[in-house]
Amino acid sequence: MAEPTRFDTGMATRRAVLGDSHVDAATARQTPFDADFQRFITEGAWGSVWSRPGLTKRERSLVTIALLAALGHDEEVAMHVRATANTGCSPDDIKEALLHVAVYAGVPAANRAFRIAKEELAKEQAKREAAQ
């Protein structure tokens, strides 16, 4: 059996972190215009960085959330907060990462990220309760 390509590895990691439904929706929205970009992030971010040994998916998730929050990338913060259901991060883990954002990137960035995280965690809790 052939060794998996960086794209294959990236797609498997991307699915493990973000979930099949997210990746399937992103793939369905792909057009010839952004196909090269989608391949780039799948191979580079997911196939190279997220698939490396050394940090767990939980740890990478926390680093990612903190960086995205510090940079003000709200949609990506929301997506990665949702992904914590797959990476093993708890709400307390997210809170601790966002406290670091407040110190190192500023209170306004952390305040916005706390708001986003609270909304996303509440949505996920509501989904779990509805499924019971």
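Just so you know, the residues in each chain are numbered from 1, in the order the chain's sequence is written. Confidence filtering applies because this is a predicted model: local features only for residues at pLDDT of at least 70, side-chain atom pairs given and counted only at 80 or more, and all residues used for totals across whole chains, interfaces and linings. Water and hydrogen atoms were dropped before computing side-chain values, which therefore reflect all heavy atoms in the structure.

J.: I tried to follow the overall build of the protein on my own but got confused; where do I start?
T.: Only DSSP runs of H or I reaching four residues or more are called helices, and only runs of E reaching two or more are called strands; each is numbered from the N terminus. Secondary structure summary: the protein contains 7 helices and 0 strands in total. For the radius of gyration, the atoms used are the C-alpha atoms, and the globule rule reads 2.2 Å times the number of residues raised to 0.38. Against the globule reference of 14 Å for 132 residues, the protein gives a C-alpha radius of gyration of 16 Å, in line with a compact fold. Once the C-alpha set of the protein is aligned to its principal axes, its extents read approximately 45 × 40 × 30 Å. In this description, contact between two residues means that some pair of their heavy atoms is separated by no more than 4.5 Å. Within the protein, contacts between residues separated by at least 24 positions form 68% of all contacts whose residues are at least 6 apart in sequence. Considering the protein, the positive charge centre built from 17 side chains and the negative charge centre built from 18 side chains are found 2 Å apart. Positive residues here are Lys and Arg, negative ones are Asp and Glu, while His and the chain termini are left out of the count. Charged side chains are reduced to one point each, which is NZ for Lys, CZ for Arg, CG for Asp and CD for Glu.

J.: Can you help me understand the nonpolar core in this one?
T.: Burial of nonpolar side chains together is a common tendency in soluble globular proteins. Among buried residues, the Ala, Val, Leu, Ile, Met, Phe, Trp, Tyr and Cys ones that are joined through side-chain atoms within 4.5 Å form a nonpolar core. For each residue, the accessible area found with a 1.4 Å probe, counting protein chains only, is set against the maximum for its type, and the residue is called buried under 20%, exposed over 50%, and partly exposed in between. With 15 residues, the main nonpolar core has Ala69, Val77, Val81, Ile94, Leu98 and Val101 as its most contacted residues. For this core, the secondary structure elements donating two or more residues are helix H4 (57–71), helix H5 (74–87), helix H6 (91–105) and helix H7 (107–131). For this core, the element with the highest residue contribution is H7, accounting for 5 residues. Beyond its immediate sequence surroundings of up to four residues, leucine 98 is in contact with Ile65, Ala69, Ala110, Ala113, Phe114 and Ala117.

J.: Help me understand the packing of H4 against H5, please; the structure alone is not making it clear to me.
T.: Running from amino to carboxyl end, H4 crosses H5 at an angle of 165°, the nearest separation of the two axes being 9 Å. Classed by the angle they form, the pair H4 and H5 counts as roughly antiparallel. In terms of crossing hand, the pair formed by H4 and H5 is left-handed. Two secondary-structure elements touch here, H4 through Lys57, Arg58, Ser61, Thr64, Ile65, Leu68 and Ala69 and H5 through Glu76, Val77, His80, Val81, Thr84 and Thr87. Gly counts as polar in this scheme, as do all residues outside two lists: the nonpolar Ala, Val, Leu, Ile, Met, Phe, Trp, Tyr, Cys and Pro, and the charged Asp, Glu, Lys and Arg. For the contact of H4 with H5, the class distribution of residues is 5 nonpolar, 5 polar and 3 charged. A fitted line through C-alpha atoms serves as each axis, taken over the contacting stretch for helices, and the angle formed by two N-to-C directions is quoted from 0 to 180°. An angle counts as roughly parallel when it lies under 35 degrees, as roughly antiparallel when it exceeds 145, as roughly perpendicular when it falls between 65 and 115, and as oblique in every other case. With the far helix as reference, a near helix turned anticlockwise by less than a right angle produces a left-handed crossing, and one turned clockwise produces a right-handed crossing.

J.: What am I meant to see in the environment of aspartate 24 here?
T.: Counting through the fold element by element, aspartate 24 comes out in helix H2 (residues 20–29). With a relative accessible area of 40%, aspartate 24 lands in the partly exposed category. For aspartate 24 and valine 101, which are 77 residues apart along the polypeptide, the C-alpha to C-alpha distance reads 31 Å.

J.: Where do I start with the pattern of salt bridges in this structure?
T.: Pairing between side chains of opposite charge can happen when their charged atoms approach one another. One side-chain nitrogen of Lys or Arg within 4 Å of one carboxyl oxygen of Asp or Glu is enough to make a salt bridge. This model, assessed by the stated rule, comprises 10 salt bridges. A salt bridge links aspartate 24 to arginine 15; its shortest N-O distance comes to 2.8 Å. Under the relative-accessibility criterion, arginine 15 is labelled partly exposed at 28%. Salt-bridge contacts for arginine 39 lead to glutamate 43; the nearest nitrogen and oxygen are separated by 2.8 Å. Placement of the pair is arginine 39 and glutamate 43 together in helix H3 (residues 35–49), with a separation of 4 residues, close to one helical turn. Among the charged side chains, a salt-bridge network with shared partners connects Arg15, Asp20 and Asp24.

J.: What is the right way to read the side chain of aspartate 93 from this model?
T.: Here aspartate 93 shows up in helix H6. Nitrogen and oxygen atoms within 3.5 Å of one another constitute a polar contact, given that in protein one can donate a hydrogen and the other can accept it, and given that sequence-neighbouring residues count only through two side-chain atoms. At 2.9 Å, the side chain of aspartate 93 and the backbone nitrogen of serine 90 are in polar contact. In this view, aspartate 93 contacts Arg58, Leu62 and Gly88; residues no more than four positions away in its chain are not counted.

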